[in-house]
Amino acid sequence: MHNTNAPQPTVLLCGGQGFIGQALARQLRAQGMRVIAASRRSQPPLQFARMQQPADWLPHLQGVDLVINAVGSLRDQPGPNGASLEALHQTSPQALFDACAQAGVRRVMQLSALGVDDNDTAYARTKRAADAHLLALTAQGQLDGIVVRPSIVIGAQGASTQLFMRLALLPVLVLVLPAVMQQRRMQPVAVDELAEVMVRLLQSPTTGIVPLGGPRRLSMAQMILSLRQQAGRSQALQLRLPDWATQASARLGDAVPSSPWCSASLQLASLDNCCDPAPMAQWLGRAPTDPGQMLALIRNPAAPPSPESRA
């Protein structure tokens, strides 16, 4: 148990209403921390992508002890209130990190993704640039920065998980999937376990890049078939979708902003998304959930966090 007499640290959690952000907020509050879960949907809203200068951030850092940036988007956000990946992943986070250095908020965590060093998508380039900026400030002694790079994250609200579940529960005996889903490997991580590890890392002196992957490497197709088996569905034969059809399906997804399958996700899925599984288990203090047991976590997610706004 945390010491109820000790002052509660305040965490500015950017992206606190997102998929991983909500799990982080639950874990932080469970550790007795005060959480400012800031996002465009919070009250008051925080227009993250428009805050591109350190001066924009300094008022939001008053009384803040720790900062986590969990803002992420697979592609540019359309519409009048949308934002580019460059603003979301690069310009605004870099301004935030500079502001933290100016305000003396030393402990800063950046949620990135495994594989961004080896990928040339806009998603990877912009994430990589923000990671490098935080690490440079850390090397200069201005911050104690940590970059967390997980493999694919599984949870009820995750876009990838929802896609996997739709495919797993199809009432068919044949699944026709893109070759990248059958060939490339990943190490799925349960979202609440990732959040638990991230909070422990936040409270530690660890700096630099921390890759996190689950206990087993498998393809997306194997993950889908595993979820199908866990749901009690009959086995399904896998067939390969022709490359031209795969490209066409990704371009169709480009036209649907909410679709998790698009040209960017196809390119991201074209590389293995794996790392040493030991750090995940070491920081969690137990064996992480195996992919073969994840359906129960998807169907019974943790209760949503209680709303909280900054006074």
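What counts, and at which threshold
- Residues numbered from 1 in each chain as written.
- Predicted model: local features only at pLDDT ≥ 70, side-chain atom pairs only at ≥ 80, totals over all residues.
- Heavy atoms only, no water.
- Helix = DSSP H or I, 4+ residues; strand = E, 2+ residues; numbered from the N terminus.
- Rg over C-alpha atoms; globule rule 2.2 N^0.38 Å.
- Contact = heavy atoms within 4.5 Å.
- Areas by Shrake-Rupley, 256 points an atom, 1.4 Å probe, with all protein chains shown as cover.
- Expected span 1.5 Å × (residues − 1).
- Buried < 20%, exposed > 50% of the residue type's maximum accessible area, 1.4 Å probe, protein only.
- Salt bridge = Lys/Arg side-chain N within 4 Å of Asp/Glu carboxyl O.
- Core = buried A, V, L, I, M, F, W, Y, C linked by side-chain atoms within 4.5 Å.
- Phe/Tyr/Trp six-rings, centres within 6.5 Å; stacked < 30°, edge-to-face > 60°.
- pLDDT = per-residue confidence, 0-100.
- Axes fitted to C-alpha atoms, helices over the stretch in contact; angles between N-to-C directions.
- Parallel < 35°, antiparallel > 145°, perpendicular 65-115°, else oblique.
- Nonpolar A, V, L, I, M, F, W, Y, C, P; charged D, E, K, R; others polar.
- Pairing = 2+ DSSP bridges.

*Asks:* Which residues make up the overall build of the protein, and what values go with them?
*Replies:* Helix and strand counts for the protein stand at 12 helices and 12 strands. Relative to a compact globule of 311 residues, whose C-alpha radius of gyration would be 19 Å, the protein shows 19 Å and is just as compact. Oriented by its inertia axes, the alpha-carbon framework of the protein measures out at about 55 × 40 × 35 Å. Considering only residue pairs separated by 6 or more positions, the protein has 80% of its internal contacts joining residues 24 or more positions apart. As displayed, the protein has an accessible area near 14,200 Å², and 53% of this comes from carbon and sulfur atoms.

*Asks:* So, the environment of S226: which residues are in play, and what are the values?
*Replies:* For S226, the location among the structural elements is in helix α8 (residues 220-230). Sequence separation of S226 and L24 is 202 residues, and the distance between their C-alpha atoms is 27 Å. Setting aside chain neighbours within four positions, we find S226 in contact with P291 and G292.

*Asks:* Help me get a handle on helix α7 (residues 191-202), residues and values and all.
*Replies:* Between its first and last C-alpha atoms α7 spans 16 Å; for 12 residues at 1.5 Å apiece the expected length is 16 Å, and the two agree. Judged by how many residues are buried, α7 sits mostly within the fold: 10 of 12 residues are covered. By the burial criterion, the buried members of α7 are V191, E193, L194, A195, E196, V197, M198, V199, L201 and L202.

*Asks:* Now, about the pattern of salt bridges: what can you tell me, with residues and values included?
*Replies:* In the structure shown here, the tally under the stated rule is 9 salt bridges. Two residues, D144 and R106, come together in a salt bridge whose shortest N-O distance is 3.1 Å. With D144 in strand β5 (residues 144-150) and R106 in the loop between α3 (85-103) and β4 (107-111), this residue pair connects regions lying 38 residues apart in the sequence. Judged by relative accessible area, which is 31%, D144 ranks as partly exposed.

*Asks:* Give me the environment of Q157: which residues, what numbers.
*Replies:* In this fold, Q157 is placed in the loop between β6 (153-154) and α5 (159-168). Note: C-alpha distance between Q157 and L284 (127 residues apart in sequence) is 22 Å. Apart from residues lying up to four places away in sequence, Q157 is in contact with F19, Q22 and Q162.

*Asks:* Got a sec to walk through the nonpolar core? Specific residues and values, please.
*Replies:* By size, the foremost hydrophobic cluster in this structure holds 31 residues, and its most contacted members are L24, L28 and V148. Here this core gets 8 residues from one element, more than from any other, and that element is α7. Setting aside chain neighbours within four positions, we find L24 in contact with L13, I68, A70, A195, M198 and V199. Counting residues in hydrophobic clusters, the runner-up holds 28 residues, among them V64, L88, A99 and L134.

*Asks:* Help me get a handle on the packing of aromatic side chains, residues and values and all.
*Replies:* Following the criterion strictly, the structure yields 1 aromatic pair and no others. Plain terms: the ring middles of F48 and W57 are 5.4 Å apart, the flat faces sit at 70° to each other, and that makes the pair edge-to-face.

*Asks:* So what's going on with helix α4 (residues 122-139)? Residues and values would help.
*Replies:* Because each turn of an α-helix spans 3.6 residues, side chains separated by three or four positions in sequence point in the same direction. If you check α4, its first and last C-alpha atoms are 26 Å apart, about what 18 residues at 1.5 Å a residue would give, namely 26 Å. If you check which residues of α4 are buried, you get Y123, A124, T126, K127, A130, D131, L134, L137 and T138. Next to the buried residues of α4 lie α3, β4, β5 and α10 (263-268). Positive backbone phi, at 85°, marks G141, one or two positions downstream of α4.

*Asks:* Talk me through the confidence of the model for the protein; I want residue IDs and the actual numbers.
*Replies:* Of all residues in the protein, 94% have pLDDT values of 70 or greater, and the mean over the chain is 89. Counted against residues more than four places away or in other chains, residues 303-311, with its pLDDT under 50, gives 21 contacts.

*Asks:* Requested: an account of the packing of α3 against α4, with residues and values cited.
*Replies:* In helix packing, the relevant descriptors are the interaxial angle and the interaxial distance, both defined with respect to the helix axes. Between α3 and α4, the shortest axis-to-axis distance is 8 Å and the interhelical angle comes to 5°. Taken together, α3 and α4 sit at an angle that is classed as roughly parallel. For the pair α3 and α4, contact is made by L85, E86, H89, Q90, P93, Q94, F97 and D98 and by A122, Y123, T126, K127, A129, A130, H133, L134 and L137, respectively. Among the residues forming the contact of α3 with α4, the class breakdown is 9 nonpolar, 5 polar and 3 charged.

*Asks:* I'd like a description of the environment of G158, backed by residues and values.
*Replies:* Mapping G158 onto the fold places it in the loop between β6 and α5. Here the alpha-carbon distance between G158 and V191, two residues 33 residues apart in the chain, equals 8.7 Å.

*Asks:* Account for the sheet that holds strand β1 (residues 10-14), naming residues and giving values.
*Replies:* Strands sit in the order β2-β1-β3-β4-β5-β10 across an open sheet of 6 strands; the sheet is parallel. Edge positions in the sheet fall to β2 (34-38) and β10 (208-212), since each has one partner strand and no second. Mean inter-strand twist for the sheet, computed between neighbouring axes without regard to direction, equals 20°. Here β4 runs beside β5; their pairing, made up of 5 bridges, is parallel. Bridging across to β5, V108 finds its partner in G145. On top of the sheet, α3 reaches β1, β3 (66-69) and β4; it is set at about 170° to β3, its chief contact.

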